[in-house]
Amino acid sequence: MSVLAGRVPTSLVEVADERLARHGVRLLLKRDDLAHPDLPGNKFRKLGPNLAAAEAAGHRTLLTFGGAYSNHLRATAAAGRLLGLRTVGVVRGDELAHRPLNASLAGAAADGMVLHFLDRAAYRRKTAPDVLDPLLERYGPAHVIPEGGSNPAAVRGCTALGREIGTAADVVAVACGTGGTLAGLAAGLPPPVRAIGVAALRGGFLTEEVLRLQHDAFGERRGDWQVEDRCHAGGFARTTPELAAFTDDFARRHREALDGRPVERVYVAKALHAVFRLAGEGAFPPGTRVAAVITG
């Protein structure tokens with residue numbers, strides 16, 4: 001087995017948008033959705049180090065966690081298929097076991113992932129021995145990857161994203177679920193470039209989580225970064241008519257720069273919408289170059 005090869009560094013494409021231009025802001029798209037044909041960009045960067053660790057330990061099974069719309073579960077399932085590994089996805093919400101699978105879970109299952117549905121109370125304690133040990137007993141020895149793939153190895157893997165962008169931007173915006181991509185991105189960016197993590201879910205916990213991940217990975221806080229908590233549209237995988245209209249309009253305006261691909265709605269749409277909102281609020285001085293990471 002060898003870890004997956006990606007198409008990195010990914011491209012950084014400037015797009016013209018008069019809605020930002022009137023505030024003196026330039027927009028660039030970091031096309032991390034092109035890093036691997038089967039794995040969305042930030043998942044490719046986070047999974048790579050974890051797959052290497054699994055290989056080094058001789059594991060043939062990956063066990064990981066996620067919600068019903070988890071891109072991480074999809075990416076882990078795809079990586080398992082490509083590398084010939086067994087994958088087990090522990091899904092939040094045992095009520096989902098009796099419903100038709102949504103597109104995300106169906107895709108993971110099609111790639112061979114065994115789906116284990118866990119009640120929400122137990123899921124909150126998923127790493128506790130009394131919850132995790134029975135899973136490992138049932139599915140055998142496995143390399144355990146945390147929810148969203150965010151652990152110190154993944155954070156260090158995401159520093160390459162910041163190094164690739166370098167000084168081509170003044171601000172980098174990225175959607176956040178578990179905080180691992182932001183933690184690594186910010187550490188890899190050179191001063192004075194700063195990062196903004198746009199929370200894709202509500203709860204207000206991400207600042208503390210990113211700090212924890214950076215301390216675990218580097219022993220200290222790294223980079224200039226902040227979390228924007230106002231643009232989650234009501235919670236994970238939720239939207240509003242305003243956000244939906246913005247997403248459709250952005251995809252239509254910038255079809256060529258996106259290679260005709262739709263804008264991913266759970267994460268990317270919220271990050272892009274936040275950039276426009278912040279620009280309208282005067283958060284960026286005229287002349288600011290903002291790079292938005294298209295994670296796919």
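Residues numbered from 1 in each chain as written. Predicted model: local features only at pLDDT ≥ 70, side-chain atom pairs only at ≥ 80, totals over all residues. Heavy atoms only, no water.

(A) Main features of the nonpolar core. Counting residues in hydrophobic clusters, the biggest one holds 34 residues, and the most contacted among them are Leu-27, Leu-29, Phe-250, Val-263, Leu-272 and Phe-284. Listed by contribution, the elements that provide at least two residues to this core are strand S2 (26-30), strand S7 (171-176), strand S8 (194-199), helix H10 (241-253), helix H11 (268-280) and strand S10 (289-293). With sequence-adjacent residues up to four places away left out, Val-263 is seen in contact with Thr-247, Phe-250, Ala-251, Leu-258, Val-268, Ala-269 and Leu-272. Counting residues in hydrophobic clusters, the runner-up holds 25 residues, among them Leu-28, Ile-165, Ala-199 and Val-227. (Core = buried A, V, L, I, M, F, W, Y, C linked by side-chain atoms within 4.5 Å. Buried < 20%, exposed > 50% of the residue type's maximum accessible area, 1.4 Å probe, protein only. Helix = DSSP H or I, 4+ residues; strand = E, 2+ residues; numbered from the N terminus. Contact = heavy atoms within 4.5 Å.)

(B) Up close: the pattern of salt bridges. As enumerated under the stated definition, the model contains 26 salt bridges in all. Here Glu-220 makes a salt bridge to Arg-222, at a shortest N to O gap of 2.8 Å. Overall, the relative accessible area of 31% leaves Arg-222 in the partly exposed class. Because the salt bridges share partners, they merge into one network encompassing Asp-17, Glu-18, Arg-19, Asp-249, Arg-252 and Arg-253. (Salt bridge = Lys/Arg side-chain N within 4 Å of Asp/Glu carboxyl O.)

(C) Looking closely at the sheet that holds strand S5 (residues 114-118). Taken together, the four strands give an open sheet; going across it, the order is S5-S4-S3-S6, and neighbouring strands pair in parallel fashion. At either end of the open sheet lies a strand with only one pairing partner, and these are S5 and strand S6 (143-145). On average, adjacent strands in this sheet sit at an angle of 20 degrees to one another, irrespective of strand direction. Examined bridge by bridge, strand S3 (residues 61-66) and strand S4 (residues 86-92) share six bridges and lie parallel to one another. When the sheet's bridge partners are listed, Thr-61 is paired in S4 with Arg-86. (Pairing = 2+ DSSP bridges. Axes fitted to C-alpha atoms, helices over the stretch in contact; angles between N-to-C directions.)

(D) Examining the pairing of S5 more closely. When you tally the buried positions in S5, you get four out of five residues, the bulk of the element. For S4 and S5, the ladder comprises five bridges, and the chain directions are parallel. Bridge pairing links Val-90 to His-116 in S5. Since S4 and S5 lie parallel, the crossover through helix H4 (residues 103-110) that links them has a hand, and here it is right-handed. (Right-handed = clockwise from strand over helix to strand, strands pointing away.)

(E) Here's a closer look at the side chain of Asn-50. One can find Asn-50 in helix H2 (residues 41-57). In terms of polar contacts, Asn-50 uses its side chain to reach the backbone carbonyl oxygen of Lys-46, at 3.1 Å. Once you skip the residues sitting within four places of it in the chain, Asn-50 turns out to touch His-143, Ile-145, Gly-149, Asn-151 and Ala-154. (Polar contact = N/O pair within 3.5 Å; in protein donor to acceptor, adjacent residues only side chain to side chain.)

(F) The arrangement of the packing of aromatic side chains in detail. Per the counting criterion, the structure on display carries five aromatic pairs. An angle of 35 degrees between the planes, with centres 6.0 Å apart, marks the rings of Phe-246 and Phe-250 as tilted. Residue Phe-246 and its partner Phe-250 are located together in helix H10, separated by four residues, close to a single helical turn. With respect to class, Phe-246 is no different from Phe-250; both count as buried. Summarising the aromatic geometry, the rings of Phe-250 and Phe-276 are spaced 6.1 Å apart at their centres and angled 85 degrees between planes, so their arrangement reads as edge-to-face. Of the two residues, Phe-250 sits in helix H10 while Phe-276 sits in helix H11, which places them 26 residues apart along the sequence. Accessibility expressed as a relative area gives 0% for Phe-250, which makes it buried. Through pairs of rings, three or more aromatic residues link up here, namely Phe-246, Phe-250 and Phe-276. Above the plane of the ring of Trp-225 lies Arg-221, whose end atom (NZ or CZ) is 3.9 Å from the centre. (Phe/Tyr/Trp six-rings, centres within 6.5 Å; stacked < 30°, edge-to-face > 60°. Lys NZ or Arg CZ within 6 Å of the ring centre and 35° of its normal.)

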